[in-house]
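# Residue-level structure breakdown
The primary structure of each chain is shown beneath.
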Amino acid sequence: SAVISQKPSRDICQRGTSLTIQCQVDSQVTMMFWYRQQPGQSLTLIATANQGSEATYESGFVIDKFPISRPNLTFSTLTVSNMSPEDSSIYLCSVVQFTGELFFGEGSRLTVL
Amino acid sequence: QKEVEQDPGPLSVPEGAIVSLNCTYSNSAFQYFMWYRQYSRKGPELLMYTYSSGNKEDGRFTAQVDKSSKYISLFIRDSQPSDSATYLCAMSPSEDMRFGAGTRLTVKP
């Protein structure tokens, strides 16, 4: 299975600042996604990271708040912009391998004060 | 109505018990079915991956898909305290995955 590295694993941030989360995969994958998991909740898809073009956002998520980059097949970043306490959550990178299976990184736990 | 329904539990069983976890869904286009295990403060870990209907077994874990009833199950035999985690079902027609709410399982020694 693909090995997914996410950084940072956790961070505590001040309101109004921005944080960029990095996701690196050890092999080429077909698709990369960013999910959010709020405390005690299941997973909510934020967007699909498209290589070399703008990400595809789900309803309720916008590019200005969650800019995403995917410069190549194995790397993507998610930025959480102008953070508020409501953005405190776990952010997860996930990838689809050529076998069709979906794998997750360990997640980045964000706390906004 | 949610596309995927999963009882959040919590579910508590004694060690050695057979555990049955279930999800129902409404979208008949779903073809891919997965079960994930998530330990506290960790990312979800893929346990079972099934395409279309039928059963799949891997060690103590068995996944069942009944597309006619829109119902999937995960069975854990001889449950162990290390199985204590949240189990999420997931399904999709292609790559657009939909997740259940997750069932929190505790296996007591």
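Nothing here was measured: the structure is a model prediction, and the numbers come from that model.

Along chain A, the regular secondary structure elements total zero helices and 11 strands. Radius of gyration (C-alpha) of chain A: 13 Å, near the 13 Å computed for a compact globule of 113 residues. In terms of its C-alpha atoms, chain A occupies a principal-axis envelope of roughly 40 × 25 × 20 Å. Taking all 113 residues of chain A together, the buried fraction comes to 51%. Accessible surface for chain A amounts to roughly 5300 Å². Of this, 49% is attributable to carbon and sulfur atoms. Here chain A holds 7 positive side-chain charges and 9 negative ones, and the gap between their average locations is 7 Å.

Glancing now at the pairing of strand β5 (residues 45-51) of chain B. Residues and elements named next belong to chain B. Counting buried positions over the seven residues of β5 gives five, a clear majority of the element. As judged from the six bridges shared by strand β4 (residues 32-38) and β5, these two strands associate in the antiparallel manner. Following the sheet pairing, Y32 is matched in β5 by Y51. Connecting β4 to the next strand, β5, in antiparallel fashion are six residues, including R41 with a positive phi near 65°.

In this structure the tally under the stated criterion is 12 aromatic pairs over all chains. Here the aromatic rings of F104 of chain A and Y36 of chain B are separated by 5.3 Å at their centres, their planes lie at 80°, and the arrangement is edge-to-face. Taken together, the positions of F104 of chain A in strand β10 (residues 102-104) and Y36 of chain B in strand β4 put the pair across two chains. By the burial criterion, F104 of chain A is buried, and Y36 of chain B matches it.

Moving on: the interface of chain A and chain B. The partner chain B presents 16 residues to the 18 residues of chain A that form the contact. In total, chain A and chain B occlude about 1500 Å² of area from one another, counting both sides; carbon and sulfur atoms represent 55% of this. Interface area lost by chain A to chain B is led by S42, L102 and E106 of chain A, which between them contribute 28%. Counting the contacts that link chain A with chain B gives zero salt bridges. Where the side of chain A that touches chain B is concerned, the elements lending two or more residues are β4 (31-37), β5 (43-49) and β10 of chain A.

This part is about the side chain of T48 of chain A. Residue and element names in this part refer to chain A. By secondary structure assignment, the location of T48 is in strand β5. Here T48 falls in the buried class, since its relative accessible area comes to 10%. If we ignore the near neighbours within four places in the chain, the residues touching T48 are M31, M32, F33, A55 and T56.

Residue and element names in this part refer to chain A. Counting across every chain of the model gives two disulfides over all chains. One disulfide bridge connects C23 with C93, the sulfur atoms lying 1.9 Å from each other. The sign of the -65° torsion about the S-S bond sets the C23-C93 disulfide as left-handed. Highlighted residues: C23 in strand β3 (residues 19-25) and C93 in strand β9 (residues 89-96), separated in sequence by 70 residues. Each member of the pair, C23 together with C93, is buried. Here C13 stays unpaired: no disulfide links it, and the sulfur of C23, its closest cysteine neighbor, is 18 Å away. Accessibility expressed as a relative area gives 8% for C13, which makes it buried.

Attention now moves to the pairing of strand β6 (residues 54-58) of chain B. All names here are of chain B. Bridge count between β6 and strand β7 (residues 61-66): five bridges; the pairing is antiparallel. Its bridge partner lying in β7, E57 is registered against T62. From the end of β6 to the start of β7, which pair antiparallel, there are two residues, and G59 there has a positive phi angle of about 65°.

All names here are of chain B. Locating A29 in the fold gives a position in the loop between β3 (19-25) and β4. The partly exposed category is assigned to A29, whose relative accessible area is 37%. Counting along the chain gives 38 residues from A29 to K67, while the straight-line C-alpha distance between them is 9.7 Å. Every residue in contact with A29, bar those within four places of it in the chain, is listed here: S92 and P93.

Procedures and definitions
Residues numbered from 1 in each chain as written. Chains lettered and ligands numbered in written order. Predicted model: local features only at pLDDT ≥ 70, side-chain atom pairs only at ≥ 80, totals over all residues. Heavy atoms only, no water. Helix = DSSP H or I, 4+ residues; strand = E, 2+ residues; numbered from the N terminus. Rg over C-alpha atoms; globule rule 2.2 N^0.38 Å. Buried < 20%, exposed > 50% of the residue type's maximum accessible area, 1.4 Å probe, protein only. Areas by Shrake-Rupley, 256 points an atom, 1.4 Å probe, with all protein chains shown as cover. Lys, Arg positive; Asp, Glu negative; His and termini not counted. Charge placed at Lys NZ, Arg CZ, Asp CG, Glu CD. Pairing = 2+ DSSP bridges. Phe/Tyr/Trp six-rings, centres within 6.5 Å; stacked < 30°, edge-to-face > 60°. Contact = heavy atoms within 4.5 Å. Buried area = accessible area lost by both parts, 1.4 Å probe. Salt bridge = Lys/Arg side-chain N within 4 Å of Asp/Glu carboxyl O. Disulfide = S-S within 2.5 Å.

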